[in-house]
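Coordinate inspection notes
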Amino acid sequence: RKFYGVGKVTAEKMYKLGIFTGADLKSRPMEFLEQHFGKSGGYYYHVVRGIHKSEVKPHRIPKSVGAERTFNENLSSEIFMLERLNHIAEELERRLKKSKIAGKTVTLKIKYSDFTLKTRSKTLQYYIRSKEVIYETAKELLYQEKMENSVRLLGITLANLNTEDKREKPAEKKEIAVQLKFEF
């Protein structure tokens, strides 16, 4: 049993009070929860009832864009892994073009058959969104270390996106001076 979204200490406190499930939490009155958890008690009371007053931000600027695939059978052949990486890079390129986004940091995610997870990243000097560059960078990351086991999932994420300028408020924009060089 595990409560998601609460720390270990809070979860242990809940267990000592006989709260093991969401139904247990919902059965407690607000006063009880506030008495034992302070201001957080009111939060738990409302959340377990689906009441949350925080603002929904449907148009937030993404920090990364990715694609991944879990395989029906674990892959041990590097040829098959490269083939799958190529398809994942195609899907990622499609998502990037649709959103008109590019990025500099490519991260390869590898989940092995024993469920261990490895990530490897490389930051490029320029923004990319083409399948070819994404694939070649992911391929380089794949060969960075010897494979430990057969693979059940591969994923590619592009971060360090060109959306950073969009996050700045107009008043915060910095002027950039450029020194031009002319050949005489």
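Report follows, based on the coordinates. Computed from a prediction, not measured in an experiment: that's the story for all the values here.

Taken together, the four strands give an open sheet; going across it, the order is β1-β4-β2-β3, and neighbouring strands pair in antiparallel fashion. Each of the sheet's edge strands pairs with one partner strand only, and the pair in question is β1 (64-75) and β3 (117-128). Between one strand axis and the next, the sheet turns by 15° as a mean value, whatever way the strands run. Strand direction decides the pairing type here: strand β2 (residues 103-112) and β3, joined by eight bridges, are antiparallel. Looking at the pairing, Thr105 lines up with Thr123 of β3. Lying on the sheet, helix α5 (residues 78-99) is in contact with β1, β2 and β4 (151-161); it crosses β1 at an angle near 150°. Here helix α6 (residues 131-142) sits on the sheet in contact with β2, β3 and β4, set at roughly 140° to β3.

Right, let's talk about the packing of α5 against α6 for a bit. Where α5 meets α6, the closest approach of the two axes is 9 Å, and the angle between their N-to-C directions is 140°. By the angle between their axes, α5 is oblique relative to α6. With respect to the hand of their crossing, α5 and α6 are arranged in right-handed fashion. Between α5, through Met81, Leu82, Leu85, Asn86, Ala89, Glu90, Leu92, Glu93 and Leu96, and α6, the contact on the second element is made entirely by Lys131, Ile134, Tyr135, Ala138, Lys139 and Leu142.

Before going further, it helps to spend a moment on the side chain of Thr105. Inspection of the secondary structure puts Thr105 in strand β2. We classify Thr105 as buried; its relative accessible area is 12%. At a separation of 2.9 Å, a polar atom in the side chain of Thr105 contacts the side chain of Thr123. With residues up to four places along the chain from it excluded, the contact list for Thr105 reads Ser121, Lys122, Thr123, Thr157, Leu158, Ala159 and Asn160.

Of the positions making up helix α4 (residues 39-47), those classed as buried are Gly41, Gly42 and Tyr44. The buried residues of α4 occupy one face: seen down the axis, they fall within an arc of 160°. Each element contacted by the buried residues of α4 is listed here: α1 (8-16), α2 (22-26) and α3 (30-37).

Remark: α3 packs on α4, axes separated minimally by 6 Å, with the N-to-C direction vectors making an angle of 140°. For the element pair α3 / α4, the angle class is oblique. Here α3 and α4 pass one another in a crossing that is right-handed. Contacts between α3 and α4 involve Met30, Leu33, Glu34 and Phe37 from the former and Lys39, Ser40, Gly41, Gly42, Tyr44, Tyr45 and His46 from the latter.

Here is what the cut-offs are and how they apply
Residues numbered from 1 in each chain as written. Predicted model: local features only at pLDDT ≥ 70, side-chain atom pairs only at ≥ 80, totals over all residues. Heavy atoms only, no water. Pairing = 2+ DSSP bridges. Helix = DSSP H or I, 4+ residues; strand = E, 2+ residues; numbered from the N terminus. Axes fitted to C-alpha atoms, helices over the stretch in contact; angles between N-to-C directions. Contact = heavy atoms within 4.5 Å. Parallel < 35°, antiparallel > 145°, perpendicular 65-115°, else oblique. Left-handed = near helix turned anticlockwise from the far one by under 90°. Buried < 20%, exposed > 50% of the residue type's maximum accessible area, 1.4 Å probe, protein only. Polar contact = N/O pair within 3.5 Å; in protein donor to acceptor, adjacent residues only side chain to side chain. Arc of directions from axis to C-beta.

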